[in-house]
Each structure stands twice: as structure tokens, then as C-alpha cells.
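Fold and geometry: a report
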Amino acid sequence: MNQRVLSLSDEWASYSDTVSLKAGQAIKILEIVPPRKSAFVVLNNPAIRMKLRNTAGNELPADTKICFAGKSSKEMLATQLSAEKEYRAYKDITESDQYNEKYQEALTFPVETDLLFEELEKLEIFVEVSADTTLDLTKSKIEIPSVELTTSEVQEMDLLGADYEVDIPEEYEEY
């Protein structure tokens, strides 16, 4: 198991540089897919760091809603995996302060259980805005702490009857 920060620069990430967002519609902005023989776990209630900016470089409105969804390679539609969270906390906390321990609770994303994504399964991030805008992901930042696993580690967990609550080494818990 290795700590891995999933981000826009990650080779597992797939997105368009700009995304047209329509008011009142949840639009997928990012998808992260582990390749063959790989997997990752997003631990429950992760502290996610992000700044979402439009094409003019301005941050999205504080009332923008964000949520996680997941999809297997066989499913047509994604399943919502988290409660919606308003962008307000991210807008109010500077990029550098998002790395400060005292702000981690405000950045916690509402995911009740550990989320396992095996090879070719997708973690998707959706946003919903109150007014039409164009999101520019080349000017934005998203960092999701996770733990990378190999398929053999996942199979070993299956054989042991694990419920995918991953025991994270202490040095990673501080992230």
C-alpha cells in the first residue's frame, strides 16, 4: 500500500481542459480510473484540497455543489457515493492554508465509508452551479488523498474477508 494523491496531473485522471457548466445541472468534471492490476481507496471523510476557477480565472461561486460518484466498467450511469458539499469552504480558505492542519476539518468531504476503486472502475466528480459558467481545469486544482493498492493486495483482502476498511500505516494518517 502506498499513499497517492489523486490530482489533475495524475496519469489516472481524465478530463477536458474546459467544461461548460449549466445552472442547476450536475456535470461531470473529472474521472479517475486505475489501470489494470491497480486499485485505490479513498478513505472515509477525506480532506480534499481544491480551487475551481472559470476561464477568467475567478473561483466558482460559494454555493456550487460538489459530489463524488462511482461507476464500474459495466454500468451505464454513475452512482452517487457522497453527500453534496458546497464549495464555500474551499473558496474561503486559501490554497496555501488548505495544507494547514487547522483547516482540515473544513475541507473534509462527506464520504461515510472507504471507497475502493479496482481496475477500470471510475471515481467521478460532479459539480452543480447556480449560474452558467465555463470551468477551466487548467487553472484549477483538485487533490484527493488515497491509498494505492495492487490487484494482488485487493485479492488478499478478499481472501481474508476484509470489508475494505483499509488499515493505513501511521505515517499516512497525517495527510
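Counting from 1, residues in each chain are numbered in the order their sequence is written. The model is predicted, so local features are restricted to residues of pLDDT at least 70 and side-chain atom pairs to those at 80 or more, both for listing and for counting; the totals for chains, interfaces and linings are taken over all residues. The side-chain figures draw on all heavy atoms in the structure; neither hydrogens nor water molecules are used.

Side note on the overall build of the protein
In this text, helices come from DSSP runs of H or I with a minimum length of four residues, and strands from runs of E with a minimum of two, each type numbered from the N-terminal end. Check the secondary structure of the protein and you find 4 helices and 13 strands. The 175 residues of the protein split such that 45% are buried. Looking at the protein alone, contacts between residues at least 24 apart form 77% of all its contacts between residues at least 6 apart. Values of accessible area rely on a 1.4 Å probe in the Shrake-Rupley scheme; residue burial ignores everything except the protein chains shown. Summed over all atoms, the accessible surface of the protein reaches about 9,200 Å², with 45% contributed by carbon and sulfur. Type-normalised accessible area, obtained with a 1.4 Å probe on protein chains alone, sets the label of each residue: buried when under 20%, exposed when over 50%, and partly exposed for intermediate values. Two residues qualify as a contact provided that any one of their heavy atoms is within 4.5 Å of a heavy atom in the partner residue.

As for the confidence of the model for the protein
A score between 0 and 100, pLDDT records how confident the predictor is in each residue. Per-residue pLDDT for the protein has a mean of 87; in total, 89% of the residues score no lower than 70. Every residue in residues 171-175 is under pLDDT 50, and counting partners more than four places away or in other chains gives 11 contacts.

What to know about the environment of Arg88
Note on placement: Arg88 falls in helix α1 (residues 88-92). Here the alpha-carbon distance between Arg88 and Pro61, two residues 27 residues apart in the chain, equals 7.6 Å. Once residues within four sequence positions are removed from consideration, Arg88 is found in contact with Ala62 and Asp63. Polar side-chain contacts of Arg88 include one of 3.1 Å to the side chain of Glu86. Between N or O atoms, a polar contact is any pair within 3.5 Å; within protein, one atom must be a potential hydrogen donor and the other a potential acceptor, and residues adjacent in sequence are included only when both atoms are from side chains.

Here's the deal with the side chain of Glu124
With respect to the element layout, Glu124 can be found in strand β11 (residues 122-128). Excluding its chain neighbours within four sequence positions, the residues that come into contact with Glu124 are Lys28, Leu30, Glu31, Cys67, Phe68, Ala69, Lys71 and Ala78.

So, the packing of aromatic side chains
Any pair of Phe, Tyr and Trp rings, taking the six-membered ring for Trp, is counted once the centres come within 6.5 Å. Such a pair is stacked with planes under 30 degrees apart, edge-to-face with planes over 60 apart, and tilted for the rest. Enumeration according to the criterion identifies 4 aromatic pairs in this entry. Arranged with centres 5.0 Å apart and planes meeting at 20°, the rings of Phe40 and Phe117 form a pair that is stacked. With Phe40 in strand β5 (residues 38-42) and Phe117 in strand β10 (residues 115-118), this pair connects stretches of sequence that are 77 residues apart. Of the residues examined, Phe40 reaches a relative accessible area of 0% and is grouped as buried. According to the relative accessible area criterion, Phe117 is buried, its value standing at 4%. Each ring, one from Tyr87 and one from Tyr90, has its centre 5.9 Å from the other, and the planes form 25°; the classification is stacked.

Details of the side chain of Ser38
With respect to the helices and strands, the residue Ser38 is situated in strand β5. Setting aside anything within four residues of it in sequence, one finds Ser38 in contact with Trp12, Glu118, Glu119, Glu148, Leu149 and Thr151.

A word on the pattern of salt bridges
For side chains bearing opposite charge, pairing can occur when the charged atoms are close. Think of a salt bridge as a Lys or Arg side-chain nitrogen and an Asp or Glu carboxyl oxygen that are within 4 Å of each other. Tallying each qualifying case throughout the model produces 13 salt bridges. Across the pair Glu31 and Lys28 runs a salt bridge whose closest N-O atoms are separated by 2.9 Å. Glu31 gets classed as buried once you look at its relative accessible area, which sits at 14%. Here Lys28 falls in the partly exposed class, since its relative accessible area comes to 35%. The shortest N-O distance in the salt bridge between Glu95 and Arg53 comes to 3.3 Å. With Glu95 in the loop between α1 and α2 (104-107) and Arg53 in the loop between β6 (49-51) and β7 (65-71), the pair connects residues that are 42 residues apart, well separated along the chain. Several salt bridges share partner residues, and in doing so they unite Lys28, Glu31, Lys71, Lys122 and Glu124 into one network.

What to know about the environment of Leu8
Position of Leu8 among the secondary structure elements: in the loop between β1 (2-7) and β2 (13-14). The sequence separation of Leu8 and Leu137 amounts to 129 residues, and the corresponding C-alpha distance is 7.9 Å. If near-sequence neighbours (up to four positions away) are discounted, Leu8 is found in contact with Ala13, Tyr15, Leu30, Leu137, Ser140, Lys141 and Ile142.

Observations regarding the nonpolar core
Within soluble globular proteins, side chains that are nonpolar generally end up buried alongside one another. Take the buried Ala, Val, Leu, Ile, Met, Phe, Trp, Tyr and Cys residues and link them wherever side-chain atoms come within 4.5 Å; each set so joined is a nonpolar core. Membership of the largest hydrophobic core comes to 35 residues, with the highest contact counts inside it found for Ile29, Leu52, Phe68, Ile142 and Ile144. Secondary-structure elements contributing two or more residues to this core are β3 (18-21), β4 (27-32), β5, β7, β10, β11 and β13 (141-150). With 4 residues, β4 is the largest single contributor of residues to this core. Discounting residues that sit within four places of it in the chain, Leu52 has contacts with Ile29, Asn58, Glu59, Leu60, Ile66, Tyr87, Val127, Leu135, Ser140, Lys141 and Ile142. Core analysis: the next-biggest nonpolar cluster, separate from the first, contains 6 residues, Ala39, Val41, Val147 and Val154 among them.

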